[in-house]
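Given next are the chains, with one letter for each unit.
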Amino acid sequence: MKATAIAPSNVAFIKYWGRKNEVLRLPTNGSISMNLSSLLTTTTVEFSSNLQQDAVEINGQLFAPDSAEARRVTSHLERVRQQAGLRYSARVVSENNFPASTGLSSSASGFAALTVAAAAAAGLNLSEKELSILARQGSGSACRSIPDGFVEWLDGDTDESSFSMSLHPHTHWQLVDVVAVVSREKKEVGSSQGQLAAASSPFFSVRLSRLLEKLSRARALLKQRNFTDLGELIEAEAVEMHAIMLTSTPSLMYWLPATVKIMRLIRKWRSEGLEVYFSVNTGQDVHLICRPDDVETLTGRLRDLPEVSNLIINTPAPGTRLAEQHLF
Ligand code: PMV
């Protein structure tokens, strides 16, 4: 009744921002992402008759049962217990190898790892599609961390039709995502909560009217490995999502001065011949998408910036997998 899973975080090329069903966590639109090799969560889950209640430890911190973090984990365990017809409480120990709440999508890797570990520990034998459906209910973007490599999440209209699948394995394309960590400051509004305001932006309907076309363009460019056109699309999409955030009520601003500085520098460097594109999620850290040959030049320049505290170099990664070694 014990299992461990390792899950990658992912960066969305076409973003998920807004939900059409809160209870089922159905997104307003589909999204496309790449799993990240160096942003990983490892989680061990053990169900046991000796436990009175769930015990949740994340990055060495034991959370009180009534804390928001523990309650979100317990709600997710409840879904697994229900499917498995299990009543035991669980001990959950989880570790990220990167900072949480700074825009690196730890909820994606976190809920993907929790889903796969808890399902295995409960003795459920679920397909990849079923695991992604379950992960989606914990945190939307987590469903994209289940399959291999480059992934599409179909928005769907029901619980069963909103799931993720691999478009291409991680070996399809040697893209690199250099993450510039600019601060460990934690964001004030998490993405789950922030998304509640998405539809209040006057530009949300405009965004949605163009999304199907955007998704098919991203799919085609990914298939062709067209770096320049996909890069332009990734960057424009990130900026568009932030335009929705900024113009919603309440208005959300996730960027710090260092975030803006890097975004501007990337455009300058690009105009001078270094082909790099940026993406930003709910936080200040910046994802920089480039080709393998440009990693050294890019990281060299970023290391010279006093605002950059750390660089994390990612390549496309497989999805969530079980591991032999437990955390306890
Ligand atoms: O799954 P959540 O609630 O962490 O939302 C993720 C939102 C973004 O990272 C901003 C976009 C995305 O598609 O990953």
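See the structure above.
What comes next is a walk through the structure.

Analysis parameters
Residues numbered from 1 in each chain as written. Predicted model: local features only at pLDDT ≥ 70, side-chain atom pairs only at ≥ 80, totals over all residues. Heavy atoms only, no water. Helix = DSSP H or I, 4+ residues; strand = E, 2+ residues; numbered from the N terminus. Rg over C-alpha atoms; globule rule 2.2 N^0.38 Å. Buried < 20%, exposed > 50% of the residue type's maximum accessible area, 1.4 Å probe, protein only. Contact = heavy atoms within 4.5 Å. Areas by Shrake-Rupley, 256 points an atom, 1.4 Å probe, with all protein chains shown as cover. Lys, Arg positive; Asp, Glu negative; His and termini not counted. Charge placed at Lys NZ, Arg CZ, Asp CG, Glu CD. Expected span 1.5 Å × (residues − 1). Arc of directions from axis to C-beta. Near = heavy atom within 4 Å. Polar contact = N/O pair within 3.5 Å; in protein donor to acceptor, adjacent residues only side chain to side chain. Nonpolar A, V, L, I, M, F, W, Y, C, P; charged D, E, K, R; others polar. Phe/Tyr/Trp six-rings, centres within 6.5 Å; stacked < 30°, edge-to-face > 60°.

**Focus: the overall build of the protein chain**
What the protein chain contains, in helices and strands, is 9 helices and 14 strands. A globule of 328 residues ought to have a C-alpha radius of gyration of about 20 Å, and the protein chain, at 19 Å, matches this closely. Seen along its three principal axes, the alpha-carbon backbone of the protein chain occupies a region of about 65 × 40 × 40 Å. Within the protein chain, the fraction of its 328 residues that count as buried is 56%. In the protein chain, the share of contacts with a sequence separation of at least 24, taken over all contacts with a separation of at least 6, comes to 76%. Taken as a whole, the protein chain presents about 13,900 Å² of accessible surface, with 50% of it coming from carbon and sulfur. Treating the 33 positive side-chain charges of the protein chain as one cloud and the 34 negative ones as another, the clouds have centres 2 Å apart.

**Looking at the environment of Leu302**
Structurally, Leu302 is set in helix H9 (residues 295-303). According to the relative accessible area criterion, Leu302 is buried, its value standing at 0%. Between the C-alpha atom of Leu302 and that of Arg72, which follows or precedes it by 230 residues, the distance is 36 Å. Residue contacts for Leu302: discarding those within four places in its chain leaves Val178, Trp269, Leu288, Val308 and Leu311.

**Structural notes on helix H8 (residues 257-271)**
In a regular helix each residue adds 1.5 Å, so 15 residues correspond to 21 Å; H8 covers 22 Å between its end C-alpha atoms and thus fits that length. Along H8, the positions that sit buried rather than exposed are Ala258, Thr259, Ile262, Met263, Leu265, Ile266, Trp269 and Arg270. Down the axis of H8, the buried side of the element spans an arc of 165°, and every buried residue falls inside it. Exposed and oriented more than 90 degrees from the buried face of H8 are Pro257, Arg264 and Ser271. If you follow the buried residues of H8, they end up packed against strand E10 (176-181), helix H7 (227-246), strand E11 (277-280), strand E12 (286-290) and H9. Backbone geometry just downstream of H8 places Gly273 in the positive-phi region, at approximately 115°.

**A closer look at the site of the ligand**
Around the ligand, 15 residues are found, and the nearest of them are Tyr16, Ser107, Ser141, Arg144 and Ser191. Ser139 places a side-chain nitrogen or oxygen 3.2 Å from an oxygen atom of the ligand. Measuring from an oxygen atom of the ligand, one finds a backbone N or O atom of Gly140 at 3.5 Å. In isolation the ligand offers 380 Å² of accessible surface; the protein chains occlude 98% of this area. Taken together, the residues of the shell around the ligand sort by class into 4 nonpolar, 9 polar and 2 charged.

**Some words on the packing of aromatic side chains**
In this description, an aromatic ring pair is defined by two values, namely the gap between the centres and the angle between the planes. Under the counting rule described, the total for this entry stands at 2 aromatic pairs. Their ring planes at 65° and their centres at 4.8 Å tell us that Tyr16 and Trp153 sit as a pair that is edge-to-face. Residue Tyr16 is found in the loop between strand E1 (2-14) and strand E2 (19-21), and its partner Trp153 is found in strand E8 (residues 150-153); the two are separated by 137 residues along the sequence. The residues Tyr16 and Trp153 share a single accessibility class, namely buried. Seen in terms of ring centroids, Phe227 and Tyr277 are 5.5 Å apart; in terms of plane orientation they differ by 70°. Their pairing is edge-to-face. Of this pair, Phe227 sits in helix H7 while Tyr277 sits in strand E11; the two residues are 50 residues apart in sequence, bridging distant segments of the chain. In this pair, the class of Phe227 matches that of Tyr277, namely buried.

**Overview of the side chain of Gln137**
Here Gln137 is to be found in helix H3 (residues 128-138). By relative accessible area, Gln137 is classed as buried at 17%. A polar contact is formed between the side chain of Gln137 and the backbone oxygen of Ile133, at a distance of 3.5 Å. Those residues within four positions of Gln137 in sequence are excluded, and the remaining contacts are Leu24, Arg25, His76, Arg79 and Asp159.

**Examining the environment of Ser166**
Its place among the elements puts Ser166 in strand E9 (residues 164-168). When the C-alpha positions of Ser166 and Gln82 are compared, they lie 27 Å apart, and in sequence the two are 84 residues distant. Apart from residues lying up to four places away in sequence, Ser166 is in contact with Glu128, Pro147, Asp148, Phe150 and Val151. Of note is the side chain of Ser166, whose polar atom sits 2.7 Å from the backbone oxygen of Asp148.

Honestly, that's just the spatial picture; any functional story needs more than this.
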